Amino acid sequence: MAQARSFNSAIIRFVGLVLMAGALLSPTAFAQSGWRLCNETSFVLEAATGKPEGQSSVVVDGWTRLRPGECRVAMAPPLKPGAHFVFARSSAAHRGGLRVWSGDVPLCVDIAGSFSVQSPISCASMGLESRNFRSVRIDKRNTWTTKFLETEPYGEKRAQAAGLQRLLNDAGVEEARIDGYIGRRTRAGIARFLNSNGLPAQTSDADLIDYLEEVARARSRNVGLTLCNRSDAKVWAAIARRRGDGWESRGWWSIEGGACARAIDESLISTPHYIFAEMETPAGFRTLLGASELFCISRSKFAILGREGCEVRAYREEEFVETNAPEDGKLVYEFFERDFGPVGGLGGALGGSAGVVDGAP
């Protein structure tokens, strides 16, 4: 029997490094003092940090970019002992949707660019968005290190190699195995990329990561499934598609009026995809018209394999709308107010409470 897939967030661990009193510090050590963030994952990460200010205020700064295997100082010394906060997201260049390293403390961020903000009353009132930060208790004034980890313990050196492998995949150079060991196939892929882009063979790994990320970002914008809400009301959406020999349904994307959400960030196969959506209005929920294809959904965030036996597997069975076939691996699906029926359908079963992660759930 097909089972729902579990999409667990990658593991984040926080490690404090203590400097012994009276220890002699080299100039390099001084340069590395402060709150250091170390990326031991195979993803390019963007991190935001929060520090206490006054009695109840928190100043949040972002974004600190971290290549795989890289450490950077995100907050200069002296550090104020006590609770600090950190949140990280993967680069949009990576396929498979956004990954987050998070906690349970809501703080405001600017998802579009660099920012520094101090405890606004409302994130939305300042054009910001709320993200859940992890609390980190810092006990030393000079140096503290936080490591971002995946389930696979790469360490700094293997993380850089794994990052190169992942970006070779994301940039469409080759389908490399992501294991943190650079073998003959990976080296051949790197050589092809450097040659085709007119880059010297002596290009450093750090520069190579930057080049690959840029190519992968550009590639991701030209493929995949984007859902656009052309109405003034919020739309909750789910998708379904064929995966290999079977079917998969996923949700939810919460799309504000006039906004778009990227549901799939990889090249689409040239067969129809399927959409379920409800428009949230003061009077209740309006369901997308023209639906006829049955798939499984759940009230909370979901990724479900198979489209049969929904009720037996404790899911709901709902009708999805069939889309046109994608062209050149890309499809944009637009929601207009006229596309939704009268208030009814699930009757607010979603309740605006479905768990949503930016990008793919």
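Residues numbered from 1 in each chain as written. Predicted model: local features only at pLDDT ≥ 70, side-chain atom pairs only at ≥ 80, totals over all residues. Heavy atoms only, no water.

**Q** Can you explain the overall build of the protein chain? Please cite residues and give values.
**A** The secondary structure content of the protein chain amounts to four helices and 22 strands. Relative to its 361 residues, the protein chain shows a buried fraction of 47%. In the protein chain, 72% of the contacts between residues at least 6 apart in sequence involve partners at least 24 apart. A total of about 17,800 Å² of accessible surface is found on the protein chain, and carbon and sulfur atoms cover 48% of it. (Helix = DSSP H or I, 4+ residues; strand = E, 2+ residues; numbered from the N terminus. Buried < 20%, exposed > 50% of the residue type's maximum accessible area, 1.4 Å probe, protein only. Contact = heavy atoms within 4.5 Å. Areas by Shrake-Rupley, 256 points an atom, 1.4 Å probe, with all protein chains shown as cover.)

**Q** Would you mind going over the nonpolar core in detail, with residue names and values included?
**A** Grouped together as the largest cluster of nonpolar side chains are 22 residues, with contacts concentrated most on Leu225, Leu227, Ile239, Ile275, Leu288 and Phe335. Mapped onto this core, the elements with two or more residues apiece are β12 (224-229), β13 (234-243), β14 (246-255), β15 (260-264), β16 (274-281) and β21 (330-335). For leucine 225, the contacting residues outside a window of four places in its chain are Ile239, Ala261, Arg262, Ala263, Ile264, Leu268, Ile275 and Leu331. Residues Ala238, Phe276, Cys296 and Ile297 belong to the second largest nonpolar core, which totals 16 residues. (Core = buried A, V, L, I, M, F, W, Y, C linked by side-chain atoms within 4.5 Å.)

**Q** Give me the lowdown on helix α2 (residues 155-170), citing residues and values where you can.
**A** If you check α2, its first and last C-alpha atoms are 22 Å apart, about what 16 residues at 1.5 Å a residue would give, namely 22 Å. Buried within α2 are the following residues: Arg158, Ala159, Ala161, Ala162, Gly163, Leu164, Gln165, Arg166, Leu167, Leu168, Asn169 and Asp170. Packing partners of the buried residues in α2 comprise β2 (34-40), α3 (184-196) and α4 (205-221). Positive phi shows up at glycine 172, right after α2, with a value of about 80°. (Expected span 1.5 Å × (residues − 1).)

**Q** Could you give me a rundown of the packing of α2 against α4, with the residues and numbers involved?
**A** Where α2 meets α4, the axes come as close as 9 Å, and the angle between the chain directions of the two elements is 30°. Between α2 and α4, the interaxial angle falls into the category roughly parallel. Where α2 crosses over α4, the handedness of that crossing is left-handed. Of the residues in α4, those in contact with Gln160, Leu164, Leu167, Leu168, Asn169 and Asp170 of α2 are Asp205, Ala206, Leu208, Ile209, Leu212, Glu213, Ala216 and Arg219. Residue composition of the contact of α2 with α4, by class: eight nonpolar, two polar and four charged. (Axes fitted to C-alpha atoms, helices over the stretch in contact; angles between N-to-C directions. Parallel < 35°, antiparallel > 145°, perpendicular 65-115°, else oblique. Left-handed = near helix turned anticlockwise from the far one by under 90°. Nonpolar A, V, L, I, M, F, W, Y, C, P; charged D, E, K, R; others polar.)

**Q** How would you explain empty space enclosed by the protein if you had to name every residue and give the values?
**A** A full pass over the atoms with the stated rule returns one cavity of 30 Å³ or more. Here the largest cavity is characterised by a volume of approximately 40 Å³. If you trace the largest cavity, you find it lined by Arg95, Asp170, Ala216, Arg219, Ser220, Val223, Asp265, Glu266 and Ser267. Top element by residues in the lining of the largest cavity is α4. It accounts for three residues. (1 Å grid on protein atoms, 1.4 Å probe; cavity = no way out; pocket = protein on both sides within 12 Å on 5 of 7 lines; lining within 4 Å. Points joined across faces, edges and corners; volume = space filled by probe spheres on them.)

**Q** Any chance you could break down the packing of aromatic side chains for me, citing the residues and the numbers?
**A** This model, assessed by the stated rule, comprises 13 aromatic pairs. For the ring pair tryptophan 252 and phenylalanine 302, a centre distance of 5.6 Å and an interplane angle of 80° mean the geometry is edge-to-face. Note that tryptophan 252 is positioned in strand β14 and phenylalanine 302 in strand β19 (residues 302-305), a separation of 50 residues in sequence. Each member of the pair tryptophan 252 and phenylalanine 302 is classed as buried. Relative to phenylalanine 320, the ring of phenylalanine 295 lies with its centre 5.2 Å away and its plane at 65°, an arrangement referred to as edge-to-face. With phenylalanine 295 in strand β18 (residues 293-297) and phenylalanine 320 in strand β20 (residues 316-322), this pair connects stretches of sequence that are 25 residues apart. (Phe/Tyr/Trp six-rings, centres within 6.5 Å; stacked < 30°, edge-to-face > 60°.)

**Q** Lay out the state of the cysteines in plain terms, naming residues and giving numbers.
**A** Counted according to the given criterion, the structure contains four disulfides. Between cysteine 38 and cysteine 71 runs a disulfide, and the two sulfur atoms are separated by 2.0 Å. Measuring the twist about the S-S bond at about 115°, one finds the cysteine 38-cysteine 71 disulfide to be right-handed. Of this pair, cysteine 38 sits in strand β2 while cysteine 71 sits in strand β5 (residues 71-75); the two residues are 33 residues apart in sequence, bridging distant segments of the chain. Take cysteine 38 and cysteine 71: they sit in the same class, and that class is buried. (Disulfide = S-S within 2.5 Å.)

**Q** Help me get a handle on the pattern of salt bridges, residues and values and all.
**A** Counting across every chain of the model gives 24 salt bridges. A salt bridge links glutamate 70 to arginine 67, with the nearest nitrogen and oxygen atoms 3.2 Å apart. For arginine 67, a relative accessible area of 18% gives the class buried. It is possible to trace a salt-bridge network through shared partners that takes in Glu46, Arg65, Arg67, Glu70, Arg89, Asp210, Glu213 and Arg217. (Salt bridge = Lys/Arg side-chain N within 4 Å of Asp/Glu carboxyl O.)

**Q** Explain the packing of α3 against α4 to me, using residue names and the numbers behind them.
**A** Viewed as axis vectors pointing N to C, α3 and α4 meet at an angle of 75°, and their least axial separation amounts to 12 Å. Taken together, the axis directions place α3 and α4 in an arrangement best described as roughly perpendicular. Between α3 and α4, the residues in contact are Ile190, Phe193 and Leu194 and Leu208, Tyr211, Leu212 and Val215, respectively. Its residues placed into classes, the contact of α3 with α4 shows seven nonpolar, no polar and no charged.

**Q** Before we move on, could you go through the confidence of the model for the protein chain and cite the residues and values that matter?
**A** Mean pLDDT over the protein chain: 84, with 86% of residues reaching 70 or higher. Ranking the helices and strands of the protein chain by mean pLDDT puts β2 first, with 96, and strand β1 (residues 12-15) last, with 36. The low-confidence segment residues 1-31, where pLDDT is below 50, has 53 contacts with residues more than four positions distant or belonging to other chains. Every residue in residues 351-361 scores below 50 in pLDDT, and together they form 37 contacts with partners more than four places removed in sequence or on other chains. (pLDDT = per-residue confidence, 0-100.)

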